[in-house]
Amino acid sequence: MEEISGYDLTLCLQKLSKADFMSFKVLLRKAPEEFELDPIPWTEIKMASRKGLVMLLNKNYPGKVWDIALSLFQKVKRKDLFAMTEALRRDKGTPYKETMKTLFNFIWNFESGIYVPYHEFEIITEMQYSSLQVVFEPQSQPVTAVILGNKGEGKTTFLRRAMLDWASGDLWQNRFQYVFFFSLMSLNDITELSLAQLLLSKLSESSESLEDILSDPRRILFILEGFDYLKFDLELRTNLCNDWRKTVPTQIVLSSLLQKVMLPESSLLLELGNLSVPKIYPLLQKPRDITLGGYTDEAIKYYCMSFMYSYTEGSAIFNYLQTMQPLLTLCKNPYKRWMVCSTLKCQRKRGENMNIDYKPDSALYASFMVNSFRAEYANRPSRQNRDQLKPLCTLAVEGMWKLVFVFKPEDLYRNGISESGQIVWLKMNFLNTRGDHFVFYHPALQLYFAALFYFLRQDEDRPHPVIGSLSQLLREIYAHDQNQWLLTGIFVFGIATEKVAAILEPHFGSIPSEEMRQEILKCFRNLSRGECGEKLRSPQSLFDSLVDNQEEGFIRQVMDLFEEMTIDISSADALSVATTCLLKSQRLKNLHLHIQHRVFSEKYKPEDGDLEAFKHEKMCSFVTNFGHGVLFHTLLQLPHLKSLNLYGTNLSNDVVENMCCVLKCSTCRVEELLLGKCNLSSEACGIIATSLIFCKVKHLSLVENPLKNKGVMLLCETLKRPSCDLETLMLSYCALTFIACGHLYEALLHNKYLSLLDLSSNFLEDTGVNILCKALKDPMCPLQELWLSGCYLTSDCCEEISAVLTHNQKLKTLKLGNNNIQDTGVRQLCEALSNPECKLRCLGLDMCEFTTGSCADLALVLTTCKTLTMLNLDRMTFDRDGLKLLCEALNHKDCNLKVLGLDKSAFCEESQKILQEVEKKNTLDILHYPWIKEESKKRGVRLVWNSEN
């Protein structure tokens, strides 16, 4: 528990550099003479950590520690630590709240990097800050609140200020008696603990006992930040713990708190980034959201002046930012604003004109790093800069691969960072101290240096074996969803540009940008081919990385590696980024695009999350362009796009009309249009129907839409037109009745091309199917496949169907599964199948409620119907005698069956063996759900949108 090892003298020692700490030890060696005390052995002092030294002092000089410390801080000329020690001394034995006030006041003033007076910060965050008070107003009910926002938007700073205000008596005074603040990154190296241990580490200088504090959990708030960087998997668990005294794995303690098993009456305030939201949010009970937004222009101006400690200098920087609106917008992000101001400050000090590269993000980080080096080493050779930077990059990438963000001193030494190097990195604000440990100034900075490692490494380098190659890194991010490293991937794409290389090379030597681009292309070429079983899992992550590259030729090269993509769009920004990249593709043939409802919804719903965030997104939403057809105008005219799947994307009538306008363009080559579950109305169906006459679409799926009979009527009007080339029409789950069959009857008599009609899961009944059969008996009917599963049929329609089978030699596939046709119906069908005039190849009778009595009829069909190659009897079970009849037929020399749908696991062990022997003896596959893949593909159904491409 190093990072939280007591907020007394240890806190002061943590602020000493390595050199100053050694000076402190040397002086301590002489202190016994001044205070007339027995000396502590020098070897013990020399080897002690900061925490260990405090323990030595308390052990050997009880009652004298504060006096010794004050004297030594004066001698090392640290007035700030002298003052802090005096404050802590006054607080010793005082309530926990006073200790926290001292601690967080120091953090706010010296570590937050906010550079804005508190009253200005209060104005900036006024809306969110008021939410902090309102959300915890229920006095007796536990509350879980979540601070949301993008990386670098100041979530941790906001929570630190809240902690300080509580300790100062300005927040939650009548609500919480105790507030505990934990940075979860510091727990990554701790495999097990108890909640009691965690709390006691915070109470080392408090006069309260743990039992007193926990006697009323309703007055306790836990503030937890850093979930994005927690390496433990927190998930829904059943092995949770409700005993705060019990030592268990760290993830169990955290999960038990989050899921309200441990101290369920307490409240939670959590900081969640984009990476942790999908993992942590499902664990929470009725979470309340507070979303941080960016700073206003006026707040940025105040920041610049505070940062420069000068109205004139600050105004000059702000005026420069105003000349470039994108840069000013970028500065709404607190961490990027700090980097921008730091870079410009360095330039002003050197008397240079202000000039900063900020696109892509990698250029901003490179400019910040270069200017930081130039401020410390004005004219040093690039080789020396490179040699000094490499160990820092190695530390960063080793931590990334190990999921470590808090480093021990020995980690730095092992990677070649000396004591003097530590001082330099602290001065440059590349590193920061956290107790006896080190962290990068911001987690994003660690990931930047991790990416830079791959550009600086040489063949002779021998870094830690845990560090993977660039190819391994890219595969982990883009093929295995290692989202914690996505920013590293984005930085790799950015540093690989000629622009960023040009920023770095004068100061750090050659940057192999071209070689790295080729390595990236090689990796994604393998992913596009599915080599070694690895495929691109998240195109959106790739798009984010390509946008940061910004080199159009390279983006086109990467995009042209893929002929098929499956993309789930969850925000307007994501849609904009995806569209930008998709437009560069010249080889994309199949696009599965799911746009979540909230992206284009103009009406707020509770499931859309935070209301203010929803309003903000609508202001910058891509919906206007989508509604006016720009999205379709661009995507649908990609030169090789043959298939578009929008399953699950809500489409209004206006959007459908604009889409159809593009479909009718001569440059649109889309032949397969899959619009399942798009909430299409009957009117929208009519719009689509009209476009079929003029477009190239041959395969249309409208499954799971409330088209109703009216929609089918409009479709059939088009199907009757000679110019309609539609070949496949999927209409399952479309709320149709037998009335729709009357319209389809007319269409089938006039249409020349429709070969597959899917009417499954509609309330057609026997009446509707009898109408269809009349059309199927007509020799001009083009239909080859008819899917009627789940249409509420009985044996009464089987006579008409049997007549079709003996008269229509075009019909090859008939699916009748999940209907109540019983033994009578099966017998009639089998008689028709045994007729030499029947040419059926595939028959579906799964879940048709017939008995073993039908096995004899089916066995006869297997040996007499020469064309039947697939029979689906899935979800049916037969007794031993019935199964024996079927197996004898399957083994017969005249049986041509290739696929039998049957769930072998539903039979007894003996029967399973018999079926396995039949498979081996014949060229036969016995499969459970034999058609599910084919049906899902033709209908365009996507069960999991984040599926592999």
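Above: the structure in question.
The structure presented is a predicted model; accordingly, all values stated were derived computationally and were not measured.

Considering the overall build of the chain
Part 1: Secondary structure assignment for the chain yields 45 helices and 22 strands.
Part 2: Each of the three principal axes of the chain carries a C-alpha extent, and together these read 115 × 60 × 60 Å.
Part 3: Within the chain, the fraction of its 949 residues that count as buried is 58%.
Part 4: Relative to all contacts within the chain whose residues are 6 or more apart in sequence, the contacts with residues 24 or more apart total 78%.
Part 5: Distance from the positive charge centre (107 side chains) to the negative charge centre (115 side chains) of the chain: 4 Å.

Describing the side chain of Ser186
Part 1: Here Ser186 shows up in the loop between β2 (178-183) and β3 (192-193).
Part 2: A relative accessible area of 16% means that Ser186 is categorised as buried.
Part 3: A distance of 2.7 Å separates a polar side-chain atom of Ser186 from the backbone oxygen of Ser183.

A few points about the sheet that holds strand β7 (residues 288-291)
Part 1: Taken in spatial order, the five strands of this open sheet run β2-β4-β6-β1-β7, and their pairing is parallel. Two strands lie at the open edges of the sheet, namely β2 and β7, each paired on one side alone. For this sheet the average axis-to-axis angle between neighbouring strands, irrespective of direction, equals 15°.
Part 2: Looking at chain direction, strand β1 (residues 144-148) and β7 are connected through four bridges and run parallel. By the bridge assignment for β7, Ala145 is matched with Arg288.
Part 3: Here helix α10 (residues 155-167) sits on the sheet in contact with β1, β2, β4 (220-225) and β6 (267-272), set at roughly 155° to β2.

Here's the deal with the side chain of Asp758
Part 1: Among the secondary structure elements, Asp758 is positioned in strand β16 (residues 756-758).
Part 2: Owing to a relative accessible area of 0%, Asp758 belongs among the buried residues under this scheme.
Part 3: At 3.0 Å, the side chain of Asp758 and the side chain of Ser760 are in polar contact.
Part 4: In contact with Asp758, other than residues within four places in its own chain, are Val703, Leu729, Met730, Leu731, Ser732, Trp787 and Arg939.

A word on the environment of Cys523
Part 1: Mapped onto the elements, Cys523 comes out in helix α27 (residues 513-529).
Part 2: Cys523 gets classed as buried once you look at its relative accessible area, which sits at 4%.
Part 3: For the pair Cys523 and Lys920, spaced 397 residues apart in sequence, the C-alpha to C-alpha distance is 41 Å.
Part 4: Once residues lying within four places of it in the same chain are set aside, the contact partners of Cys523 are Ser471, Leu474 and Arg475.

Some details on the pairing of β4
Part 1: Most of β4 is tucked away: six of the six residues are buried.
Part 2: Side chains of β4 alternate between two faces, with Ile220, Phe222 and Leu224 and Leu221, Ile223 and Glu225 buried alike.
Part 3: In the sheet, β4 pairs with β6 via four bridges, with the strands oriented parallel. Each residue of the ladder has a partner; that of Leu221, found in β6, is Ser267.

Some thoughts on the packing of α27 against helix α29 (residues 552-559)
Part 1: Taken N-terminus to C-terminus, the directions of α27 and α29 make an angle of 20°; their axes are 9 Å apart at the nearest point. With respect to their mutual orientation, α27 and α29 come out roughly parallel. In this structure, α27 crosses over α29, and the sense of that crossing is right-handed. Side by side, α27 and α29 meet where Arg517, Ile520 and Leu521 of the first sit next to Phe554, Gln557 and Val558 of the second.
Part 2: Looking at the contact of α27 with α29 residue by residue, the class counts come to four nonpolar, one polar and one charged.

Focus on the packing of aromatic side chains
Part 1: For the structure shown, the criterion picks out 33 aromatic pairs.
Part 2: A centroid spacing of 4.9 Å and a plane angle of 90° characterise the contact between Phe373 and Phe508, whose relative ring orientation is edge-to-face. Here the residue Phe373 occupies a position in helix α19 (residues 361-376), and Phe508 occupies one in helix α26 (residues 498-508), the gap between them amounting to 135 residues. For the pair formed by Phe373 and Phe508, the shared burial category is buried.
Part 3: Cation over ring: Lys345 sits above Phe307, and NZ or CZ is 5.2 Å from the ring centre.
Part 4: Its end group placed over the ring of Trp787, Lys815 keeps NZ or CZ at 3.7 Å from the ring centre.

Points about helix α2 (residues 18-35)
Part 1: End to end, α2 covers 25 Å across 18 residues, agreeing with the expected 26 Å (1.5 Å per residue, within 8%).
Part 2: All of the buried residues along α2 are Phe21, Phe24, Lys25, Leu28, Ala31 and Pro32.

Structural notes on the pattern of salt bridges
Part 1: Under the criterion given, the structure shown has 39 salt bridges.
Part 2: Among the ionic pairs, Asp20 bridges to Arg78, the shortest N-O distance being 3.9 Å. Of this pair, Asp20 sits in helix α2 while Arg78 sits in the loop between α5 (65-75) and α6 (79-91), and the two are 58 residues apart along the sequence.
Part 3: The salt bridge involving Lys815 is made with Glu935; its shortest N-O contact spans 2.9 Å. Of the two residues, Lys815 is situated in strand β18 (residues 813-815) and Glu935 in helix α45 (residues 932-939); the sequence distance between them amounts to 120 residues.
Part 4: Residue Lys815 is classed as buried on the basis of its relative accessible area of 2%.
Part 5: The exposure class of Glu935 is buried, given its relative accessible area of 16%.
Part 6: The network of salt bridges with common partners includes Asp758, Glu785, Lys815, Glu934, Glu935, Lys938 and Arg939.

Calculation rules
Residues numbered from 1 in each chain as written. Predicted model: local features only at pLDDT ≥ 70, side-chain atom pairs only at ≥ 80, totals over all residues. Heavy atoms only, no water. Helix = DSSP H or I, 4+ residues; strand = E, 2+ residues; numbered from the N terminus. Buried < 20%, exposed > 50% of the residue type's maximum accessible area, 1.4 Å probe, protein only. Contact = heavy atoms within 4.5 Å. Lys, Arg positive; Asp, Glu negative; His and termini not counted. Charge placed at Lys NZ, Arg CZ, Asp CG, Glu CD. Polar contact = N/O pair within 3.5 Å; in protein donor to acceptor, adjacent residues only side chain to side chain. Pairing = 2+ DSSP bridges. Axes fitted to C-alpha atoms, helices over the stretch in contact; angles between N-to-C directions. Parallel < 35°, antiparallel > 145°, perpendicular 65-115°, else oblique. Left-handed = near helix turned anticlockwise from the far one by under 90°. Nonpolar A, V, L, I, M, F, W, Y, C, P; charged D, E, K, R; others polar. Phe/Tyr/Trp six-rings, centres within 6.5 Å; stacked < 30°, edge-to-face > 60°. Lys NZ or Arg CZ within 6 Å of the ring centre and 35° of its normal. Expected span 1.5 Å × (residues − 1). Salt bridge = Lys/Arg side-chain N within 4 Å of Asp/Glu carboxyl O.

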